[in-house]
Amino acid sequence: MTGPITGTLHHVEVWVPDLDRAVVSFGWLLEALGHTRFQSWATGRSWRLGATYLVVEESPALTSDRHDRCRPGLNHLAFHVEDHHAVEALAAEAPRHGWTLMFPDRHPHAGGERTYAAYLENTDGFEVELVADAPTGAP
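Thresholds, definitions, all that
- Residues numbered from 1 in each chain as written.
- Predicted model: local features only at pLDDT ≥ 70, side-chain atom pairs only at ≥ 80, totals over all residues.
- Heavy atoms only, no water.
- Helix = DSSP H or I, 4+ residues; strand = E, 2+ residues; numbered from the N terminus.
- Expected span 1.5 Å × (residues − 1).
- Bend = angle between axes of the 7 residues up to and from the residue.
- Buried < 20%, exposed > 50% of the residue type's maximum accessible area, 1.4 Å probe, protein only.
- Polar contact = N/O pair within 3.5 Å; in protein donor to acceptor, adjacent residues only side chain to side chain.
- Salt bridge = Lys/Arg side-chain N within 4 Å of Asp/Glu carboxyl O.
- Phe/Tyr/Trp six-rings, centres within 6.5 Å; stacked < 30°, edge-to-face > 60°.
- Lys NZ or Arg CZ within 6 Å of the ring centre and 35° of its normal.

Looking at helix α1 (residues 19-32)
Reasoning step 1: Under the 1.5 Å per step criterion, the end-to-end length of α1 is 19 Å for 14 residues, consistent within 8% with the ideal 20 Å.
Reasoning step 2: At Phe-26, α1 shows its largest bend, some 25°.
Reasoning step 3: Among the residues making up α1, those that are buried are Leu-19, Ala-22, Val-23, Ser-25, Phe-26, Gly-27, Trp-28, Leu-29 and Leu-30.
Reasoning step 4: Sitting at the head of α1, Asp-18 places a side-chain oxygen 3.1 Å from the backbone nitrogen of Asp-20.
Reasoning step 5: Looking at the residues trailing α1, positive phi occurs at Gly-34, about 100°.

See the structure below:
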């Protein structure tokens with residue numbers, strides 16, 4: 001048996017201003033994408049898929065109450081999605097879990113004509129991209 005491939009992500013930790021909101025938005029999305037709950041403690045939660053996991057934590061060391069994706073640091077997380085139908089289903093369900101569709105006038109090609117994706121932003125300013133192969137016959 002071999003271990004994880006050197007250089008692949010082990011985990012990503014995202015500091016959030018409100019753990020309960022993060023659990024609603026990130027928890028729903030990660031579980032919809034096949035992640036399972038992995039760890040839970042007073043100020044954080046994590047979800048795992050394969051050897052990689054994502055942490056949301058409300059740290060007492062936070063210096064702001066909102067993420068600004070336009071500042072240096074993390075701009076967004078991008079996740080592979082099975083197909084364009086799954087992108088649309090997730091984008092339609094997302095508002096019930098604290099997400100807003102970004103660039104609705106250019107959806108689903110905001111990333112370019114050959115990209116099929118939904119860009120979502122949650123209440124705390126975090127962005128995720130849900131990307132699938134463009135449907136057959138698409139430009």
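Topic: the pattern of salt bridges
Reasoning step 1: Applying the stated criterion across every chain, the model contains 7 salt bridges.
Reasoning step 2: With a closest N to O distance of 3.1 Å, Arg-37 and Glu-31 form a salt bridge.
Reasoning step 3: By relative accessible area, Arg-37 is classed as exposed at 57%.
Reasoning step 4: A relative accessible area of 38% places Glu-31 in the partly exposed class.

Some details on the side chain of Glu-127
Reasoning step 1: Note that Glu-127 resides in strand β8 (residues 127-132).
Reasoning step 2: A relative accessible area of 6% places Glu-127 in the buried class.
Reasoning step 3: In terms of polar contacts, Glu-127 uses its side chain to reach the side chain of Arg-69, at 3.3 Å.

Description of unusual backbone geometry
Reasoning step 1: Residues His-107 and Pro-108 are joined by a peptide bond in cis, for which omega reads 5°.
Reasoning step 2: Of note, Pro-108 is situated in the loop between β6 (99-101) and β7 (116-122).
Reasoning step 3: One non-glycine residue with positive phi stands out, namely Phe-103, at about 50°.
Reasoning step 4: Checked against the element boundaries, Phe-103 lands in the loop between β6 and β7.
Reasoning step 5: Residue Phe-103 is classed as partly exposed on the basis of its relative accessible area, which comes to 28%.

As for the packing of aromatic side chains
Reasoning step 1: Under the definition given, this model contains 4 aromatic pairs.
Reasoning step 2: Look at Phe-26 and Phe-126: their rings are 5.8 Å apart centre to centre, the planes differ by 70°, and that puts the pair in the edge-to-face class. Of this pair, Phe-26 sits in helix α1 while Phe-126 sits in the loop between β7 and β8, and the two are 100 residues apart along the sequence.
Reasoning step 3: For Phe-26, a relative accessible area of 2% corresponds to the buried category.
Reasoning step 4: Put simply, the rings of Phe-26, Trp-99 and Phe-126 touch in pairs and so form one group of aromatic residues.
Reasoning step 5: Of note, Arg-48 hangs over the ring of Phe-38, and the distance from its end group to the ring centre comes to 4.3 Å.

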